[in-house]
Amino acid sequence: MNGLARLSQFIGSTFGIWVIIFAILSFVLPGGFTWIAPYINLLLGIIMFGMGLTLRLTDFKRVLKAPKLVFIVVLSQYTIMPLLALGLVVLFQLPPEIAVGVILVGCTPGGTSSNVMTFLAKGNTALSVTATAVSTVLAPVLTPALTLLLASAWLPVSFMDLFISIIQIVLVPIALGLAVRMLLGDRVEKGISILPLISVVGIVGVVAAVVSNNTEAIMQSGLLIFGVVILHNVLGYLVGFGLAKVLRFDLADQKAVSIEVGMQNSGLAAALSAAHFSPLSAVPAALFSVWHNISGSMVATWMSKYREDETGAESVKNEEVHV
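For the protein, an unreviewed UniProt entry supplies the name Bile acid:sodium symporter family protein and the organism Salinicoccus bachuensis. Regarding the protein, the UniProt comment filed under Subcellular location (unreviewed entry) reads as follows: "Membrane".

As C-alpha cells, this is what we get:
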C-alpha cells in the first residue's frame, strides 16, 4: 500500500505532464482511446466521490468563519469566467457548437487542481478548498442557469437536463464520499493516499476520449480554440488577482482568488458538452484541461516567489523555488 501511495503522489505531482502525453497520444492514435467516451460520466463520478472523501464538515464551517471572503471568491468564479467566455465567443465569432463549449467551461465550478496550485503558490489553501467545495455544491443550479442565460443564443439549452446530469455526476458522488468519510473517519486516510492516482487516470481518460473523437475538428480549428482557451484561462488569473487586490485582500488570499477563478472543472464541462450538445462542444474543455494544468504550474511557481514582509508590502523571495 505504501508503494502505491508513493506512486499516487508521484503521478499527482506530475499531473499536467500525463494530461499532455495522453492528449498527444489520443490525437495521434485515436483508435486506441475512442472506446472511453461512454464512460466519461462514470470517470467524473469517481473523481467527485474521491473529492467527497477528502472533504470534512470543517471545510464548510469555514464559510461561517469568513463568509464575506468565501462569498466573494464563489461570486467571482460564477461571474468573471462566464462573462469572459461570452466576450471571447463574441469577439472571435466562434461557431455555435464551439461557442457553447467555451461558455460551458466558463460556467463550471472551480477545479480541484486549483487547491494544489494554491498550496504550491503559498496562497490561502483553506480558502481555495472551501471555495471549490461551495462552488461545486452550487453547480447543479448555477451552471445550468448561467449556460441557459449565456449560451442559448447559439444552441438550445435545457436547464433541467443539465441540472439532472450535474446532480448525478457531481452532487451524489460527493455526498456519498462525505457520508463514507463521516462513517469511517480516519480509517479512510489510507484510501485517500491513492486518490491522486485515481483523479489523474479519470481526467486523462476524459481528455483522451474527447480528443480521440474530435481529431478532425481539432486539426481544422484547434489553433483558434486553443488560443481562446489560453486567453480565457490567463484573463481569469489576471482579473481574479486584480479584483482581490482592489478589495485589499492580503497576498495569500489574492493568490487563492486568482488561481480559483482561473482554473475550472473542465472535466465536468467536457462531460456535459459531450452528453448534451455534441462531441465538438467538448473540445474547448479538453484543451482547457491540458492547458490550465500547464499554466497553473507556471503561475504557482511564479507566485510562490512573492510574499508580504512584516509591513504588509510585497517582496520577491530571492531563492530557488522547487515545485
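On we go from here.
Attention now goes to the layout of surface pockets. Estimates place the volume of the largest pocket at around 1,300 Å³. As for the largest pocket, its lining consists of 45 residues, of which T112, S113, N115, V116 and P196 are closest to the centre. Looking at the lining of the largest pocket, its residues break down into 20 nonpolar, 21 polar and four charged. If you add up the space inside the second largest pocket, you get close to 270 Å³.

In this section: the environment of S165. Residue placement: S165 occurs in helix α9 (residues 159-184). Remark: the alpha-carbon pair of S165 and A275, spanning 110 residues in sequence, is separated by 8.9 Å. For S165, the residues in contact, after removing those within four places along its chain, are L272 and H276. A distance of 2.6 Å separates the side chain of S165 from the side chain of H276, its partner in a polar contact.

This part covers the UniProt feature "transmembrane region" (unreviewed entry) in the protein. The UniProt record marks residues 7-29, 35-57, 69-92, 98-121, 133-156, 162-184, 191-211 and 223-244 with the feature "transmembrane region" (unreviewed entry), using the residue numbering of this structure. The span residues 69-92 carries 100% helix and 0% strand; its end-to-end C-alpha distance comes to 34 Å. For residues 162-184, the end-to-end C-alpha separation is 32 Å, with 100% helix and 0% strand making up the annotated structure.

Across all of its chains, the model carries four aromatic pairs by this definition. Judged by centre distance (6.1 Å) and plane angle (85°), the ring pair of F226 and W291 falls under edge-to-face. Placement of the pair is F226 in helix α12 (residues 215-246) and W291 in helix α15 (residues 283-303), with a sequence separation of 65 residues. Among the residues examined, F226 registers a relative accessible area of 28% and is labelled partly exposed. The exposure class of W291 is buried, given its relative accessible area of 14%.

Despite not being glycine, K122 shows a phi value in the positive range, around 60°. Considering the arrangement of structural elements, one finds K122 in the loop between α7 (113-120) and α8 (125-151). For K122, a relative accessible area of 46% puts it in the partly exposed group. Not every positive phi belongs to a glycine, and R248 is a case in point at roughly 65°. The topology assignment puts R248 in the loop between α12 and α13 (251-262).

Here is what the cut-offs are and how they apply
- Residues numbered from 1 in each chain as written.
- Predicted model: local features only at pLDDT ≥ 70, side-chain atom pairs only at ≥ 80, totals over all residues.
- Heavy atoms only, no water.
- UniProt positions renumbered as here; feature names shortened; annotations may be inferred.
- 1 Å grid on protein atoms, 1.4 Å probe; cavity = no way out; pocket = protein on both sides within 12 Å on 5 of 7 lines; lining within 4 Å.
- Points joined across faces, edges and corners; volume = space filled by probe spheres on them.
- Nonpolar A, V, L, I, M, F, W, Y, C, P; charged D, E, K, R; others polar.
- Helix = DSSP H or I, 4+ residues; strand = E, 2+ residues; numbered from the N terminus.
- Contact = heavy atoms within 4.5 Å.
- Polar contact = N/O pair within 3.5 Å; in protein donor to acceptor, adjacent residues only side chain to side chain.
- Phe/Tyr/Trp six-rings, centres within 6.5 Å; stacked < 30°, edge-to-face > 60°.
- Buried < 20%, exposed > 50% of the residue type's maximum accessible area, 1.4 Å probe, protein only.

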